[in-house]
Amino acid sequence: METASQALQLLTSLKILREIKNIRDEMPRNRRSRRRWWIRPSNRRRKTEGFYETAFDLMKKGDPDYFVRSVRMTPDVFQKLLETVKHRREKFSIRKPINPECRLFMTLMYLAHGMNHFTLSRLFRVGRSTAHRITQEVVKVLWDVLVAEYLPVPDEETWKTYALEFYHQWQLPNCCSAIDGKHIVIQCPPKAGSVYYNYKKQHSIVLLAACDANYNFVAVDIGAYGGNSDGSVFSNSEFGRRLREGNLDLPPATCLPYSNQLSPHFIVGDAAFPLMNNLMRPYPGRNLPTIKDYFNQRLSRARRTIENSFGIMVARWRILKVPLVMTPEAAENITKAIIVLHNFSNKHARRVYAPPTFPDHLNHTGQFVDGEWRTVADPLPSVTADSISRNHNAPRNAYQTRDNLAQYIIKNRLPFAVSQ
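Residues numbered from 1 in each chain as written. Predicted model: local features only at pLDDT ≥ 70, side-chain atom pairs only at ≥ 80, totals over all residues. Heavy atoms only, no water.

Q: Go over the overall build of the chain with me, naming the residues and quoting the values.
A: Within the chain, the regular secondary structure consists of 16 helices and nine strands. For the chain, the residues scored as buried account for 49% of the 420 residues in total. By sequence separation, contacts in the chain at least 24 residues apart represent 69% of the contacts at least 6 residues apart. Accessible surface computed for the chain: about 22,200 Å², of which carbon and sulfur atoms make up 51%. (Helix = DSSP H or I, 4+ residues; strand = E, 2+ residues; numbered from the N terminus. Buried < 20%, exposed > 50% of the residue type's maximum accessible area, 1.4 Å probe, protein only. Contact = heavy atoms within 4.5 Å. Areas by Shrake-Rupley, 256 points an atom, 1.4 Å probe, with all protein chains shown as cover.)

Q: Talk me through the packing of aromatic side chains; I want residue IDs and the actual numbers.
A: The tally for this structure, following the rule as stated, stands at 18 aromatic pairs. Arranged with centres 6.5 Å apart and planes meeting at 85°, the rings of Phe78 and Phe105 form a pair that is edge-to-face. Pair noted here: Phe78 is in helix H5 (residues 75-85) and Phe105 is in helix H6 (residues 100-113), with a separation of 27 residues, a long-range link. Just as Phe78 is buried, Phe105 falls in that class too. (Phe/Tyr/Trp six-rings, centres within 6.5 Å; stacked < 30°, edge-to-face > 60°.)

Q: Tell me about the nonpolar core, residues and numbers included.
A: Core analysis: the biggest nonpolar cluster contains 100 residues, and Met73, Leu81, Phe105, Phe124, Met313 and Trp317 have the highest contact counts within it. Sequence-distant contacts of Phe105, that is, excluding residues within four places in its chain, are made with Phe51, Tyr52, Phe56, Met59, Phe67, Val71, Phe78 and Phe124. Formed by 23 residues, the second largest nonpolar core is a distinct cluster that contains Ile179, Val206, Ala224 and Phe234. (Core = buried A, V, L, I, M, F, W, Y, C linked by side-chain atoms within 4.5 Å.)

Q: Account for unusual backbone geometry, with residues named and values stated.
A: Of note, Arg72 is a non-glycine position whose phi angle comes to about 70°, a positive value. Inspection of the secondary structure assignment puts Arg72 in the loop between helix H4 (64-71) and H5. Even without a glycine there, the phi angle at Arg125 is positive, about 60°.

Q: Explain the sheet that holds strand S2 (residues 203-211) residue by residue, including any values.
A: Strand order in the open sheet formed by five strands is S3-S2-S1-S6-S7, with mixed pairing between adjacent strands. Each having just a single partner strand, strand S3 (217-225) and strand S7 (279-280) make up the two edges of the open sheet. As defined by bridge partners, strand S6 (residues 266-268) adjoins S7 across two bridges and the pair is classed as parallel. In the sheet register, Val268 faces S7, and the bridge partner there is Met280. (Pairing = 2+ DSSP bridges.)

Q: Describe in detail a nonpolar patch on the surface, supporting the description with residues and values.
A: On the surface, Leu10, Leu11, Leu14 and Leu17 cluster together into a nonpolar patch covering about 410 Å² of accessible area. Locating Leu10 in the fold gives a position in helix H1 (residues 2-26). Judged by relative accessible area, which is 53%, Leu10 ranks as exposed. (Patch = residues over 30% accessible without salt bridge, like charges linked within 9 Å, V, L, I, M, F, W, Y side chains within 5 Å. Salt bridge = Lys/Arg side-chain N within 4 Å of Asp/Glu carboxyl O.)

Q: A description of the pairing of strand S1 (residues 175-186) should follow, citing residues and the corresponding values.
A: Across the twelve residues of S1, twelve count as buried, placing the element largely inside the fold. The pairing of S1 with S6 spans three bridges and is classified as parallel. Its bridge partner lying in S6, Ser177 is registered against Ile267. Two strands pair when backbone bridges link them, and S1 and S2 are joined in this way by nine bridges, in the antiparallel orientation.

Q: Outline the packing of H5 against helix H8 (residues 128-150), listing residues and values.
A: Where H5 contacts H8, the two axes come as close as 10 Å, and the packing angle between them is 105°. Relative to H8, H5 is oriented roughly perpendicular. Across from Lys80, Leu81, Thr84 and Val85 in H5, the residues of H8 making contact are Val141, Leu142, Val145, Leu146 and Tyr150. Across the contact of H5 with H8, the residue classes tally to seven nonpolar, one polar and one charged. (Axes fitted to C-alpha atoms, helices over the stretch in contact; angles between N-to-C directions. Parallel < 35°, antiparallel > 145°, perpendicular 65-115°, else oblique. Nonpolar A, V, L, I, M, F, W, Y, C, P; charged D, E, K, R; others polar.)

Q: Got a sec to walk through the pattern of salt bridges? Specific residues and values, please.
A: Scanning all chains against the criterion turns up 13 salt bridges. Of the charged contacts, one joins Glu83 and Lys86 as a salt bridge, the two residues approaching to 3.5 Å between their closest N and O atoms. Relative accessible area serves as the criterion here: at 45%, Glu83 is assigned to the partly exposed category. With a closest N to O distance of 3.6 Å, Lys160 and Glu156 form a salt bridge. With Lys160 and Glu156 both in helix H9 (residues 156-170), this residue pair falls four residues apart, about one helical turn. Through salt bridges that share partners, Arg304, Glu307, Asp360, Asp370 and Arg374 make up one connected network.

Q: Describe the packing of helix H3 (residues 51-62) against H4, and please don't skip the residues or the numbers.
A: Between H3 and H4, the least distance of the axes is 6 Å, while the angle of their chain directions is 120°. Viewed along their axes, H3 and H4 adopt a mutual orientation that is oblique. Taking contact as the criterion, the partners of Phe56, Met59, Lys60 and Gly62 in H3 are, on H4, Pro64, Tyr66, Phe67 and Ser70. Here the residues of the contact of H3 with H4 sort into five nonpolar, two polar and one charged.

Q: Summarise the pairing of S3; cite the residues concerned and give the values.
A: Taken together, the seven bridges between S2 and S3 define a ladder with antiparallel strand orientation. What sits directly across from Ala210, in S3, is Ala219.

Q: Any details on helix H11 (residues 238-245)? Residues and values, ideally.
A: When H11 is considered as a whole, its buried residues turn out to be Phe239, Gly240 and Leu243. The arc that holds the buried residues of H11, viewed along the axis, is 95°, so those residues lie on one side. Where H11 terminates, the next one or two residues include Gly246, which has phi positive at roughly 75°. (Arc of directions from axis to C-beta.)

Q: Report on the side chain of Thr74, specifying residues and quantitative values.
A: Relative to the helices and strands, Thr74 resides in the loop between H4 and H5. Leave out the neighbours within four places in its chain, and Thr74 touches Phe67, Val68 and Val352.

Q: I'd like to hear about H5, residue by residue, with values.
A: Among the residues of H5, Pro75, Val77, Phe78, Leu81, Leu82 and Val85 are the ones counted as buried. For H5, the angular spread of the buried residues around the axis is 160°, confining them to a single face. Considering only its buried residues, H5 is in contact with H3, H4, H6, H8 and helix H13 (328-348).

Below, the structure written as structure tokens:
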């Protein structure tokens, strides 16, 4: 009886499964889920019409100037970058996968020229979703692979090197870096309210960055809400917290050049940043006494480095010139990749990436001449003072440090008029 009962249950189950299959077969298929073709007709001639297949080798071997204009680096530097990231870009698929060289070339073109994914897909003869996926994957790999070497956490010896460079190039002793904050404009995220809405009436995330004397970024904090109005950007950043707590590993106080006057090593910022013992900002107000006015001019000379670092970056990676139509997380990944690409290109291809006339530079009289980047790109929107820091009450020793430094600077004037 038990065996007969089990057999009956099995037959009943099979009957139910057959009925389900019949119902499923009779249901109309969802047209969206049906694959219309294995390869889209307009992409089937990739080998003869794709930009990589038809132009890459031609530019790389026969027209290096156009290659540089395409990807912001020379063929040799591109090859160095490819060798660095290639092990992370290998793909295995039923169809022949797009090779790592093409993936990197496509992504650099996307970042350098700011084209949308549909235009990129038509240029390379791939699907729009494929172009989107490739660029998002490669920017993550670029950050993961390059950050340790091209954006390392500075130690005390590194800060000392930065200070020497600032002194020799911009004549500001004990200055280790310049810092500023900029808005990266994005499309309004769904259900975001006004948290990304900034004073420029745009939606954005904040890029807080510090640079050395050679326009390389040395520290970044990316992703704060563009609509921050409580002064939390600098205060809540890891860089700001460590600077405030004295854990940034800055060198100890040393005597200023050709004097026995001790001064701490410091970072320079504009009036939006708080005055601290290790963070110098200009004297506020107009019609200042000579000593304060001259100090502000000398501080401005050093602070130009961060403005030019941002300017060079936007002029070379023009995707930042237009609103990023993507999620804030994707925009953050794009920005991080561009930061390390900027440092990589500035180190290995400085001659073509940032030649002497591209940033602001001094003429024979010591006056600043606007750099060529200003004819190519507008500066990124600056972060307001209210957004940078909520507290401008400086400790007494910070005021004294700035006054002592101003006295030293006025006694050691430059042999030419200073321009801001």
